[in-house]
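Understanding the architecture of this molecule
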Amino acid sequence: MEFNAIQILLVGVWAFIVGIDQYNLLESLYQPIVTGAVVGAILGDLNTGLVVGGTYQLMTIGNMPVGGAQPPNAIIGGIMATVFAIGSGLDTTAAVGLAVPFALFGQYMVTLVFTVMSPLMSSADKMAEKGDVKGIVRLNYLAMGALGLLFAVVCIGGLIGGTALGTTLQTISDKYGWIMDGLGAAGGMMRFVGFAILLRIMLSNELWGIYFAGFALATIIGYIPELSGSALLLVAFVGIAIALNDFQTRVAIRQNAGNGNGGDEDGI
Amino acid sequence: MASNENKVLTKKDINKLAFDSVFLQAGFNYERMQSCGFLQAQLPALKKIYKDDKAGLSAAMTDNLEFINTHPNLVGFLMGLLVSMEESHSDRSIIKGLKVALFAPLAGIGDAIFWFTLLPIVAGICSSMAMEGSVMGPIIFFLVYLAIFIMRWFWTHLGYNLGVKAVAQITDISEVLAKAATVLGCTVIGGLIASYVSINVQTEIVVNEAKTVALQADFFDKIFPNILSIGYVFLMYYFLKKKKVSPVVLILATFVLAIVLSFFGIL
């Protein structure tokens, strides 16, 4: 089945919207169950769209982009699986299989944008220094627009190039996959620069101990699989305990100093 | 440091803040994660609070551009709380300490509710409906998430009102409270470093046919897990604070290092 220009354009527009929606806006349109139905409706076969979207959605449960991890992109995967199921009349499993290289490329696009945006944070710092409100907003829109556009391009390419493009993409990703692995590793490490910037101002000399205590506690909790999800919440509880103690001690000291009686609580 | 007299934000401003919280991840990047969007959402309120005070606005913007990674659906609570503190011109280190202390636990709670509980249930039910060809599948799914979206207004007002109430009580002891907030913040940052995807060295040294030493499992993890993560943060901190190297140099150096190490199969 050949698609006409309007259909291709509409799928491109949809890809642009959900490319942004995966991180902003409603954060639900991009899920395969919705996207499958919409793309199905555009391509004139709502029923197939529903089935493929539902199937793909079930697959993505348990493979979620949580904590900065990037699994193969379910958005482009969902769109292309629907396109192949309707266009080539394939059954759902085969269509999903053919969509995998596109999903992989969707993931690459995301990695790329997140990587490129990292050094741009120093221009954002300069804007903050100057109080340049518009600059920050512009930077954000630029990033969102770039992501949406890249998604639209991959999907339109998929509609026109079809499964042949998928094979090409697969070859490219087999050959140059290490670059993307490298970008992924770089992404993980760049985060630590972000942490160091946070610490630069906050960490005064007397707080080093507490900082390492938080690290140690989270490391310990992280090794208990049942608790790893709530590690930070538990660390925060301990942090609150220490902070409260610190707070009360300081208030007591201040009150005593105010009384000028040198701390009668000591019983001396 | 007066409190309620300088109330400049109206209900409408908080509503706008709730809506703008959708931009949380707009400028997402690996170095600071959601900071750019976190700042953007608060900008209209900050502009109103600081008006002609360029220095104040600039300080608030700089603080909010620092690393943050929290949950999009709940972030309104944090934004509302922080904006109320900005409005009463609380000590910067209280605002910052609270932000750092709260964002990660909020992310944990949000992930548990939305990703690990709600999504599997809703997606599971709606997917089976869709697979039987029912349009109600995607529609119900969409409506559930629309409800979650609308909840943003509730969270943002909740955070803001809580902050306004608390602020009246804390101005007197703000200096002490700032210290305590920083203590809490530092504990959580220490924890954050351990909980994020760590540096994982792939290199293995072959001693003989019977014995291979995997650097990560047999060496680094034996000293203590996440040693490379905290070591690298420490190194970056050293360069930033003591050597005054600019962040962008460190970012690019980290980037090149990671790619090169990955090329040689070390990472």
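Keep in mind that this is a model prediction, so the values were computed, not measured.

1. A closer look at the overall build of chain B
Helix and strand content of chain B: 10 helices and two strands. Along chain B, from the amino end to the carboxyl end, the secondary structure elements read α-α-α-α-α-α-α-β-β-α-α-α. Taking all 267 residues of chain B together, the buried fraction comes to 55%. Long-range pairs, those at least 24 residues apart, make up 72% of the contacts in chain B between residues at least 6 apart in sequence. Carbon and sulfur atoms form 68% of the exposed surface of chain B, whose accessible area is close to 11,100 Å².

2. Observations concerning the interface of chain B and chain A
Counting residues at the interface gives 106 residues for chain B and 98 residues for chain A. With both chains or domains summed, chain B and chain A bury close to 9,500 Å², and 77% of this area falls on carbon and sulfur atoms. Among the residues chain B hides against chain A, the three largest losses belong to Tyr30, Trp115 and Tyr237 of chain B. Together they make up 8% of the total. Along the contact surface separating chain B from chain A lie three salt bridges. One salt bridge connects Asp125 of chain A with Arg32 of chain B, and the closest N-O pair in it is separated by 2.7 Å.

3. Here we look at the packing of aromatic side chains
Within this structure, the stated rule accounts for 23 aromatic pairs over all chains. Judged by centre distance (5.9 Å) and plane angle (75°), the ring pair of Phe215 of chain A and Phe224 of chain B falls under edge-to-face. Placement of the pair is Phe215 of chain A in helix H7 (residues 208-222) and Phe224 of chain B in the loop between helix H8 (215-223) and helix H9 (227-241), with the two residues belonging to separate chains. Taking relative accessible area as the criterion, Phe215 of chain A reaches 5% and is therefore assigned buried.

4. Observations regarding the pattern of salt bridges
Residue and element names in this part refer to chain B. Throughout the structure, instances matching the rule amount to 11 salt bridges over all chains. The salt bridge partner of Asp13 is Lys48, with a shortest N-O separation of 2.6 Å. One end of the pair, Asp13, is in helix H1 (residues 11-20); the other, Lys48, is in helix H2 (residues 35-50), and 35 residues separate them in sequence. Taking relative accessible area as the criterion, Lys48 reaches 31% and is therefore assigned partly exposed.

5. So, unusual backbone geometry
Residue and element names in this part refer to chain B. Non-glycine residue Met33 carries a positive phi angle of around 55°. The topology assignment puts Met33 in the loop between H1 and H2. Look at Met33 and you get buried, because its relative accessible area is 0%. We note that Asn226 has phi near 65°; this positive angle belongs to a residue other than glycine. Position of Asn226 among the secondary structure elements: in the loop between H8 and H9.

6. Brief notes about the domain arrangement of chain B
For chain B, the domain assignment lists domain 1 (4-192) and domain 2 (199-263). For domain 1 of chain B and domain 2 of chain B, the distance between their C-alpha centres works out to 33 Å.

7. Examining the layout of surface pockets
If you add up the space inside the second largest pocket, you get close to 690 Å³. Ile240 of chain A together with Leu81, Leu98, Leu102 and Leu184 of chain B are, among the 27 residues lining the second largest pocket, the residues nearest its centre. Elements with a minimum of two residues in the lining of the second largest pocket: helix H8 (231-259) of chain A together with helix H4 (75-87), helix H5 (92-131), helix H6 (136-170) and helix H7 (174-195) of chain B. Sort the elements by how many residues they give to the lining of the second largest pocket and H5 of chain B lands first, with eight residues. Looking at the lining of the second largest pocket residue by residue, the class counts come to 27 nonpolar, no polar and no charged.

8. Some details on the environment of Ala186 of chain A
Its place among the elements puts Ala186 of chain A in helix H6 (residues 133-202). When the C-alpha atoms of Ala186 of chain A and Ala103 of chain A are compared, they prove to be 21 Å apart, with 83 residues separating the residues in sequence. Once residues within four sequence positions are removed from consideration, Ala186 of chain A is found in contact with Phe255 and Ala258 of chain B.

9. Thoughts on the nonpolar core
Core analysis: the largest hydrophobic core is formed by 157 residues, its most contacted members being Ile79, Met80, Ile136 and Tyr211 of chain A together with Phe141 and Ile193 of chain B. Among the elements that take part in this core, H6 of chain A stands out by supplying 23 residues, more than any other. Residues Met144 of chain A together with Val22, Phe23 and Phe149 of chain B belong to the second largest nonpolar core, which totals six residues.

10. So, the pairing of strand S1 (residues 204-208) of chain B
Residues and elements named next belong to chain B. Counted residue by residue, S1 has zero buried out of five residues, so it is predominantly exposed. The pairing of S1 with strand S2 (residues 211-214) spans four bridges and is classified as antiparallel. Looking at S2, one finds that Ile205 is bridged to Val213. Here S1 folds back onto S2, and the loop between the two strands holds two residues.

Scoring rules and cut-offs
- Residues numbered from 1 in each chain as written.
- Chains lettered and ligands numbered in written order.
- Predicted model: local features only at pLDDT ≥ 70, side-chain atom pairs only at ≥ 80, totals over all residues.
- Heavy atoms only, no water.
- Helix = DSSP H or I, 4+ residues; strand = E, 2+ residues; numbered from the N terminus.
- Buried < 20%, exposed > 50% of the residue type's maximum accessible area, 1.4 Å probe, protein only.
- Contact = heavy atoms within 4.5 Å.
- Areas by Shrake-Rupley, 256 points an atom, 1.4 Å probe, with all protein chains shown as cover.
- Buried area = accessible area lost by both parts, 1.4 Å probe.
- Salt bridge = Lys/Arg side-chain N within 4 Å of Asp/Glu carboxyl O.
- Phe/Tyr/Trp six-rings, centres within 6.5 Å; stacked < 30°, edge-to-face > 60°.
- Domains from an automatic or database assignment.
- 1 Å grid on protein atoms, 1.4 Å probe; cavity = no way out; pocket = protein on both sides within 12 Å on 5 of 7 lines; lining within 4 Å.
- Points joined across faces, edges and corners; volume = space filled by probe spheres on them.
- Nonpolar A, V, L, I, M, F, W, Y, C, P; charged D, E, K, R; others polar.
- Core = buried A, V, L, I, M, F, W, Y, C linked by side-chain atoms within 4.5 Å.
- Pairing = 2+ DSSP bridges.

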